[in-house]
Every structure is written in C-alpha cells, then in structure tokens.
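Observations on chain architecture
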Amino acid sequence: PHGRRVARRLLDEAQRLARRGAYGEARARLRVLREERIGPGIASRASLLEAHIARLERQPEQAIALLGPVSRTNGSGAEQALFLIGEIHAGDLHRERAAQPIWTEYLARFERGTYRTEVLYRLGAALTRSGERPRGTALLRQYLELAPTGAHATQARELLRGSGR
C-alpha cells in the first residue's frame, strides 16, 4: 500500500510538471517511479505520460517505443497506446501506410473503442487515397453511419464522391 501511494504521488507530480512544460523534471520523476514497486496500471500510465512528453519533444520514435509494450496489454491504456502509435506514424512521421495495420488492429481489438470513429475515418481515408477503394469506402461509410455530423463527415463524403461511389 505504501509503495502504491508513493507511486501515485510520483505519477501525479510528473503529470503536473509535464503540464507546466517541465519535461526534464517530469521524466526524472518517472525514472524514480520506475524504481518503486508499481502495478501494471500505474506502469502503463507512466509510459503513456512519458510517450506524450517524447512526442511533445519531437521524438516520435521514442514515443512509439514507449507505447509498444502498453499497446500489447489489455484495457484502456492499451487502447490509447495503440491509437497513439497509429497517430504518430501517420501524423508525426508522415507514414500513413505504416499506420494502416495498426489502425486495423485497433478496430479488431476494440470493437466499441473510444477512438473507433476516428480510426474508421483515418483508416478509410488512408486506404481510399492509397488505391484500396473498396475497403476504404466501406470504412468511410461505417464512419458516416456512426458519426453523420462528426468532425470528418465532410471530408468522408468528399472522399466517397471522389472515389466514384
């Protein structure tokens, strides 16, 4: 119990420091946290936070390395990590094709996931743009069924019109 309390305090401190932009200090707290006996939940949260810091410091490869082990666990940490790995590949590294299998895995593992509509749009758009129109347009249609007025509804409709379907 004592170790868990210390771990939570260190994680909370690291989060506060990261929000203030004190990334080095936040990472130092996370290093100390890793020396404590921590459970998998706190370990996942610490890795997610450190990956976020790496991304803000424009170190996308390091962020992916931190997120990988978390993405292979179960639960909301895994869901968030898998989504972020796809986002980093597509957005930060401009490797949309590398994001496609990650987003495909996300849809298979998290059928009712928090980021499902976002992933449906992003994967559908990526596949449609890369020439895999049948699969891409099917995903875009699913996106529009779930989010007819969603953030990407206009773009999804344009992609569907442009694909001749």
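A brief report on the enclosed structure follows. (Residues numbered from 1 in each chain as written. Predicted model: local features only at pLDDT ≥ 70, side-chain atom pairs only at ≥ 80, totals over all residues. Heavy atoms only, no water.)

**Here's the deal with the overall build of the protein chain**
Each helix and strand in the protein chain was counted, giving nine helices and zero strands. In the protein chain, the succession of helices and strands from N to C terminus is α-α-α-α-α-α-α-α-α. Taken along its principal axes, the extent of the C-alpha atoms in the protein chain is 60 × 30 × 25 Å. Looking at the protein chain as a whole, 46% of its 165 residues are labelled buried. Long-range pairs, those at least 24 residues apart, make up 46% of the contacts in the protein chain with a sequence separation of at least 6. Surface exposure of the protein chain reaches about 9200 Å², of which carbon and sulfur atoms provide 49%. Distance between charge centres in the protein chain, computed from 29 positive and 18 negative side chains, equals 2 Å. (Helix = DSSP H or I, 4+ residues; strand = E, 2+ residues; numbered from the N terminus. Buried < 20%, exposed > 50% of the residue type's maximum accessible area, 1.4 Å probe, protein only. Contact = heavy atoms within 4.5 Å. Areas by Shrake-Rupley, 256 points an atom, 1.4 Å probe, with all protein chains shown as cover. Lys, Arg positive; Asp, Glu negative; His and termini not counted. Charge placed at Lys NZ, Arg CZ, Asp CG, Glu CD.)

**Thoughts on helix 9 (residues 153-162)**
Every buried residue of helix 9 is listed here: Ala153, Ala156, Leu159 and Leu160. Here the buried residues of helix 9 occupy an arc of 125° about the axis, which is enough to place them on one side. Exposed side chains of helix 9 directed beyond 90 degrees from the buried face belong to Thr154, Arg161 and Gly162. Summarising the contacts, the buried residues of helix 9 are in contact with helix 7 (116-129) and helix 8 (133-146). (Arc of directions from axis to C-beta.)

**Looking at the pattern of salt bridges**
Going through the model one piece at a time under the given rule, you end up with eleven salt bridges. Among the ionic pairs, glutamate 13 bridges to arginine 29, the shortest N-O distance being 2.7 Å. Note that glutamate 13 is positioned in helix 1 (residues 2-19) and arginine 29 in helix 2 (residues 23-35), a separation of 16 residues in sequence. With relative accessibility at 28%, the residue arginine 29 sits in the partly exposed group. Across the pair glutamate 61 and arginine 95 runs a salt bridge whose closest N-O atoms are separated by 3.3 Å. In this pair, glutamate 61 is assigned in helix 4 (residues 60-71) and arginine 95 in the loop between helix 5 (76-92) and helix 6 (96-109), connecting sequence segments 34 residues apart. Overall, the relative accessible area of 43% leaves glutamate 61 in the partly exposed class. Connected through shared salt-bridge partners, Arg9, Glu13 and Arg29 make up one network. (Salt bridge = Lys/Arg side-chain N within 4 Å of Asp/Glu carboxyl O.)

**Side note on the environment of alanine 7**
Looking at the element boundaries, alanine 7 is found in helix 1. With 25 residues separating them in the primary sequence, alanine 7 and valine 32 have C-alpha atoms 8.9 Å apart. Ignoring any residue separated from it by four or fewer positions in sequence, one finds alanine 7 in contact with Leu33, Ile38 and Ile42.

**A short note on the packing of aromatic side chains**
Per the counting criterion, the structure on display carries four aromatic pairs. For the ring pair phenylalanine 83 and tyrosine 115, a centre distance of 4.2 Å and an interplane angle of 10° mean the geometry is stacked. Placement of phenylalanine 83 in helix 5 and of tyrosine 115 in the loop between helix 6 and helix 7 is noted, with a sequence separation of 32 residues between them. Measuring from ring centre to ring centre gives 5.6 Å for tyrosine 121 and tyrosine 143, while their planes differ by 55°; the resulting arrangement is tilted. With tyrosine 121 in helix 7 and tyrosine 143 in helix 8, the pair connects residues that are 22 residues apart, well separated along the chain. According to the relative accessible area criterion, tyrosine 143 is buried, its value standing at 2%. An aromatic cluster of three or more residues is present, and its members are Phe83, Tyr106, Phe110 and Tyr115. (Phe/Tyr/Trp six-rings, centres within 6.5 Å; stacked < 30°, edge-to-face > 60°.)

Keep in mind these numbers describe shape, not what the thing actually does.
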